[in-house]
Structures are given as structure tokens and as C-alpha cells.
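# Architecture and fold: a report
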Amino acid sequence: MNAPQSRVGVLGGTFDPIHHGHLAAASEVCAELRLDQVLLVPANGQPFKQGFDSAPAEDRLEMCRLAVQGDERFAVSPVDIERGGITYTVDTLTDLRAQLPEASLYFITGADALARFDEWRDAERLSDLAQFVGVTRAGHSFPESDAAHAWVEVPELAVSSTDIRRRVRAGAPIRYLVPRAVADYIAHHDLYAGGIDD
């Protein structure tokens, strides 16, 4: 008798830095869809964020690892950073499918991004690689009829990576916006102290 397939969520993003909003969304989807694990996959470079003052990929990867340390539901994959170049979802999922051939993959993204699914690179291939899961974000609602994707409401947290970077530059506290280990890492490595976001 074959063992049941594992159900693995995939949450990609710049994670610059990772914050409690990312983790709350991942936790909610994990519970709602009864996933065995959620992989956080930091992008090497995103096609819509070129010229944007980002922390080095290695720092963003390490902050993700620190953020999920001790929570067995979460793991971090360096697959996009190891590939290099601009990160496209089709490449992420192709590589993860090769690494996890027996798993059912669930790609987690914002409802606003999923509404533009047809514009994604190689969109016609994506649904063969994973089930797509849209989560609510402020100001966005679920499509009234979209049977192709799953939809999950997640807790609304008024926190964004852009705001965290601005707060760091202004010397404002970020202690309860990101996990403590991430806040300590940002301070120790002097991340986000200079530069201006677009």
C-alpha cells in the first residue's frame, strides 16, 4: 500500500525582511488546507522589483531561517537563490517538483497577484506543477467565480516589509513586527540603514 502524498505549501517572496504577516498567512493556509509543511522560498531577484534597494540574498535567506526556527511546520528552500538571476514562479515550481516528486505542491500568493495569473510567465504550465492558493490582502477580495484556484482568508496584520525598512532607517522600533531573531539580525548586520525604496 502506497503512503499518502505529502502536501507541501510553497510561499515565495522577496522577504526583505520576512515579518509576522508572512508567517501568519503561511500558518493560516497550513491549517486551512491541512498541509504537512510550508516551504518559504526567498526570491533571488523579482521581475517587478528591479532597481529596488534589497538586502543581499544570503541575508534574506538567513532571516527566513531564523524566523521559522523551532516550528516544524515551516522550512526554508534556497532553490531560487541557488539558481540565480530573475525569479519566476515556473522555475521555482519546476525545480521543487524535481526535488519533491512525490509531493502535492500548493503555491501560496496574494489574491491581487493571483488575479493576474494569466500574465505570469508560462502560465499555461503552472497549474500542472501546483495548486494555486490565493490569500486575502487589504483592499482585495476573492473573485466571485474561480474554480481553478483555492482561496483562504488570513488574519489582517498592518505590517509590510517596506514599512519595516523605513522604520529601521528612521530608528523606529520593529521588535513586534518581525520575529525577535530577525530584528536582532537586522541590527547586528546593519541592514536597511541607508538607501531609498522606489
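Summarised in this report is the structure supplied together with it. The model shown is predicted, which means the values in this text are computed figures rather than measured ones.

## Overview of the overall build of the chain
Secondary structure summary: the chain contains eight helices and six strands in total. Ordering the α and β elements of the chain from the N terminus gives β-α-β-α-β-α-α-β-α-α-β-β-α-α. Within the chain, buried positions represent 45% of all 198 residues. Taking the intrachain contacts of the chain between residues at least 6 apart in sequence as the baseline, contacts between residues at least 24 apart amount to 71%. Surface exposure of the chain reaches about 10,600 Å², of which carbon and sulfur atoms provide 47%.

## As for the pairing of strand β1 (residues 7-13)
The element β1 is largely enclosed, with a buried count of five among its seven residues. Sheet topology note: the β1/strand β2 (residues 37-42) ladder contains six bridges and is parallel. Its bridge partner being in β2, Gly13 is matched across the sheet by Pro42. Crossover β1 to β2 through helix α1 (residues 20-32) is right-handed.

## Here we look at unusual backbone geometry
Between Asp16 and the following residue, Pro17, the backbone shows a cis peptide bond with an omega angle of 5°. Mapping Pro17 onto the fold places it in the loop between β1 and α1. Backbone geometry at Asp190 places phi at a positive 55°, although glycine is not the residue there. Taking the relative accessible area as the measure of exposure, Asp190 reaches 55% and is therefore exposed. One non-glycine residue, Tyr192, lies in positive phi territory at about 65°.

## Concerning the sheet that holds strand β6 (residues 150-152)
If you walk across this open sheet you meet the six strands as β3-β2-β1-β4-β5-β6, and the pairing is parallel. The open sheet has two free edges, formed respectively by β3 (74-76) and β6, since each of these has just one partner strand. On average, adjacent strands in this sheet sit at an angle of 30° to one another, irrespective of strand direction. Pairing of β2 with β3 involves three bridges; the strand directions are parallel. Counterpart to Leu39 in the pairing with β3 is Ala75. Set on the sheet, helix α4 (residues 89-99) makes contact with β1, β2, β4 (104-110) and β5 (131-135); between it and β4 the angle comes to about 155°.

About the criteria used
Residues numbered from 1 in each chain as written. Predicted model: local features only at pLDDT ≥ 70, side-chain atom pairs only at ≥ 80, totals over all residues. Heavy atoms only, no water. Helix = DSSP H or I, 4+ residues; strand = E, 2+ residues; numbered from the N terminus. Buried < 20%, exposed > 50% of the residue type's maximum accessible area, 1.4 Å probe, protein only. Contact = heavy atoms within 4.5 Å. Areas by Shrake-Rupley, 256 points an atom, 1.4 Å probe, with all protein chains shown as cover. Pairing = 2+ DSSP bridges. Right-handed = clockwise from strand over helix to strand, strands pointing away. Axes fitted to C-alpha atoms, helices over the stretch in contact; angles between N-to-C directions.

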